[in-house]
Amino acid sequence: MKRVLLNQHVLEGEVMPTHFTVDEAPLPEVAPEDGVLVDLIYVSVDPYMRGRFRPGTGYFVPGFELNEPITSGALGRVVDSKSSEYSIGDLVVGLLPWEERAALSGPLLKMLNKVASGSAGTLPTSVFLGPLGMVGLTAYGSLKKIAQPKAGETAFVSGAAGAVGCIVGQLLKNVYGCRVVGSAGTDDKVAHMKRCGFDEGWNYKTMSTQDGLAKYAPEGLDIYYDNVGGETLEAALDHMNNFGRIVACGSISQYDSAPEERYGTKNLFHIVTKRLLMQGFICGDFDKEMKDSFMKDMSQYVSEKKVTVEEHLFEKGLENAGNAFCLMMKGANTGKALVQVGDDPNRA
């Protein structure tokens, strides 16, 4: 079976396809004691993973080990089980190694979650890595706990055509009744976000964030959902209304930079003078408190098409996952970035 390993830590600069090694290992046939065998169907590539390419501690999970399989959010099917919690045929999601068949026990088994049979309906099962998975909970939980949107407010979402940004924009518009503007890195992505329901949007490579906000949010911002950081955060702070809320979800513009080279935001005093709330989080903050309500609500939103399933499938095959990560970090995806590894009966 194929595996994808990390062959070099990357302290700064871009992660490159050459930093990954694809090798072959024996295919396990029997589940470990009290464990399971899982055949991968999809692996997810996400910006938070960039921190794990540095040795030691990542943003909130440990860094990747050299010459060991990369791990990321993934979806698969149990093909053998010696666990009382899982049966052959169960669909599961969790933090899984990049191996076509993963033997899981102990701590890795505790990271699995079983997907209710038939709960995807006719949608591809990858929906459990998108709106009904970690990125959906990220959007749902952070809006509910931090942004606390009110109908009629104006919100700005950066990275608006990405996995989280697209869901955030649709929730703000279609569930909370806000006016929503967004920025992205190509004209095609701007057109995409408008098809998803954003009121206005601009290409930050041809129109600055300062000019975009002045044009499309002249009354100022009540909510800024930050996926980008750097100069984009600085511009948003200039346009925040008093008592506005900033959800600090990510800072992808800074992830590749060495600490001394990262952009220094110059106007943080706006947080004081405008009495702003700016709060960061990780998805796990919401898991226990909101897991049930999230799945109930988001399933309804997807069913009602208030939130649509927006995916970018890179070239099929686990051997392409490393390159997919690199392309995602360059902004090549629109919606949730995924690599299909195995067959999904719900996808033609």
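For the structure, check the block above.
The following paragraphs examine the structure supplied in this document. Since the structure is predicted, the reported quantities are computational estimates derived from the model, not experimental observations.

## Examining the overall build of the chain
Here is step 1 of the chain: Secondary structure assignment for the chain yields nine helices and 15 strands.
Here is step 2 of the chain: At 20 Å, the chain has a C-alpha radius of gyration in line with the 20 Å of a compact globule built from 348 residues.
Here is step 3 of the chain: Projected onto its principal axes, the C-alpha positions of the chain cover 60 × 45 × 35 Å.
Here is step 4 of the chain: When burial is assessed residue by residue, the chain has 54% of its 348 residues classed as buried.
Here is step 5 of the chain: Long-range pairs, those at least 24 residues apart, make up 69% of the contacts in the chain between residues at least 6 apart in sequence.
Here is step 6 of the chain: Per element, the accessible surface of the chain, about 15300 Å² overall, is 51% carbon and sulfur.

## Some points on helix H3 (residues 163-175)
Here is step 1 of the chain: Taking 1.5 Å as the rise per residue, H3 with 13 residues should run 18 Å; its terminal C-alpha atoms sit 18 Å apart, in good agreement.
Here is step 2 of the chain: Burial analysis of H3 places ten of its 13 residues in the buried class, the great majority of the element.
Here is step 3 of the chain: Every buried residue of H3 is listed here: Ala163, Val164, Gly165, Cys166, Ile167, Val168, Gly169, Gln170, Leu171 and Leu172.
Here is step 4 of the chain: Positive backbone phi, at 75 degrees, marks glycine 177, one or two positions downstream of H3.

## Focus on the pairing of strand E11 (residues 221-226)
Here is step 1 of the chain: The element E11 is extensively covered by neighbouring structure, given that six of its six residues are classed as buried.
Here is step 2 of the chain: In the sheet, E11 pairs with strand E12 (residues 240-248) via five bridges, with the strands oriented parallel. Its bridge partner lying in E12, isoleucine 223 is registered against arginine 245.
Here is step 3 of the chain: A crossover connection joins E11 to the parallel E12 through helix H6 (residues 230-239); in handedness this β-α-β unit is right-handed.

## Quick word on the packing of aromatic side chains
Here is step 1 of the chain: Counted according to the given criterion, the structure contains nine aromatic pairs.
Here is step 2 of the chain: Judged by centre distance (5.0 Å) and plane angle (80 degrees), the rings of phenylalanine 53 and phenylalanine 64 are edge-to-face. Here phenylalanine 64 lies in the loop between strand E3 (36-44) and strand E4 (71-81) and phenylalanine 53 lies in the loop between E3 and E4, a separation of eleven residues in the sequence.
Here is step 3 of the chain: According to the relative accessible area criterion, phenylalanine 53 is buried, its value standing at 0%.
Here is step 4 of the chain: Ring geometry for phenylalanine 281 versus phenylalanine 286: centroids 5.4 Å apart, planes at 40 degrees, classification tilted. Here the two residues phenylalanine 281 and phenylalanine 286 agree in accessibility, since each one is buried.
Here is step 5 of the chain: Feature note: the residues Phe20, Phe53, Phe64, Trp98 and Phe325 constitute an aromatic cluster, connected by ring pairs.

## Digging into the pattern of salt bridges
Here is step 1 of the chain: Per the counting criterion, the structure on display carries 15 salt bridges.
Here is step 2 of the chain: Two residues, lysine 145 and glutamate 289, come together in a salt bridge whose shortest N-O distance is 3.5 Å. With lysine 145 in helix H2 (residues 134-147) and glutamate 289 in helix H8 (residues 287-303), the pair connects residues that are 144 residues apart, well separated along the chain.
Here is step 3 of the chain: Judged by its relative accessible area of 40%, lysine 145 is partly exposed.

## Regarding the nonpolar core
Here is step 1 of the chain: Grouped together as the largest cluster of nonpolar side chains are 46 residues, with contacts concentrated most on Leu75, Val157, Val168, Leu171, Leu172, Tyr225 and Met298.
Here is step 2 of the chain: In this structure, leucine 171 is in contact with Ala139, Tyr140, Leu143, Tyr176, Met298, Tyr301 and Val307, ignoring residues within four places of it in sequence.
Here is step 3 of the chain: Of all hydrophobic cores here, the second largest spans 39 residues; its members include Val4, Val10, Val38 and Phe325.

## Considerations on H8
Here is step 1 of the chain: Of all the bends in H8, the largest measures some 35 degrees and sits at serine 293.
Here is step 2 of the chain: Considered for burial, the residues of H8 that qualify are Met290, Phe294, Asp297, Met298, Tyr301 and Val302.
Here is step 3 of the chain: Of the residues flanking the end of H8, it is lysine 305, one or two places downstream, whose phi is positive at about 65 degrees.

## Things to note about the side chain of serine 83
Here is step 1 of the chain: Relative to the helices and strands, serine 83 is located in the loop between E4 and strand E5 (91-97).
Here is step 2 of the chain: Given a relative accessible area of 12%, serine 83 falls into the buried group.
Here is step 3 of the chain: A polar contact is formed between the side chain of serine 83 and the backbone nitrogen of glutamate 85, at a distance of 3.1 Å.

## Quick word on the sheet that holds strand E8 (residues 154-157)
Here is step 1 of the chain: Strand order in the open sheet formed by six strands is E10-E9-E8-E11-E12-E13, and the pairing between neighbours is parallel. Across the chains shown, the open sheet's two edge strands, defined by having one partner strand only, are strand E10 (200-203) and strand E13 (277-280). Here the strands of the sheet are splayed against their neighbours by 15 degrees on average, with no regard to which way each runs.
Here is step 2 of the chain: Along the sheet, helix H4 (residues 187-195) contacts strand E9 (179-184) and E10; its crossing angle with E10, the most-contacted strand, is approximately 170 degrees.

What counts and what doesn't
Residues numbered from 1 in each chain as written. Predicted model: local features only at pLDDT ≥ 70, side-chain atom pairs only at ≥ 80, totals over all residues. Heavy atoms only, no water. Helix = DSSP H or I, 4+ residues; strand = E, 2+ residues; numbered from the N terminus. Rg over C-alpha atoms; globule rule 2.2 N^0.38 Å. Buried < 20%, exposed > 50% of the residue type's maximum accessible area, 1.4 Å probe, protein only. Contact = heavy atoms within 4.5 Å. Areas by Shrake-Rupley, 256 points an atom, 1.4 Å probe, with all protein chains shown as cover. Expected span 1.5 Å × (residues − 1). Pairing = 2+ DSSP bridges. Right-handed = clockwise from strand over helix to strand, strands pointing away. Phe/Tyr/Trp six-rings, centres within 6.5 Å; stacked < 30°, edge-to-face > 60°. Salt bridge = Lys/Arg side-chain N within 4 Å of Asp/Glu carboxyl O. Core = buried A, V, L, I, M, F, W, Y, C linked by side-chain atoms within 4.5 Å. Bend = angle between axes of the 7 residues up to and from the residue. Polar contact = N/O pair within 3.5 Å; in protein donor to acceptor, adjacent residues only side chain to side chain. Axes fitted to C-alpha atoms, helices over the stretch in contact; angles between N-to-C directions.

In short, geometric facts, not functional conclusions.
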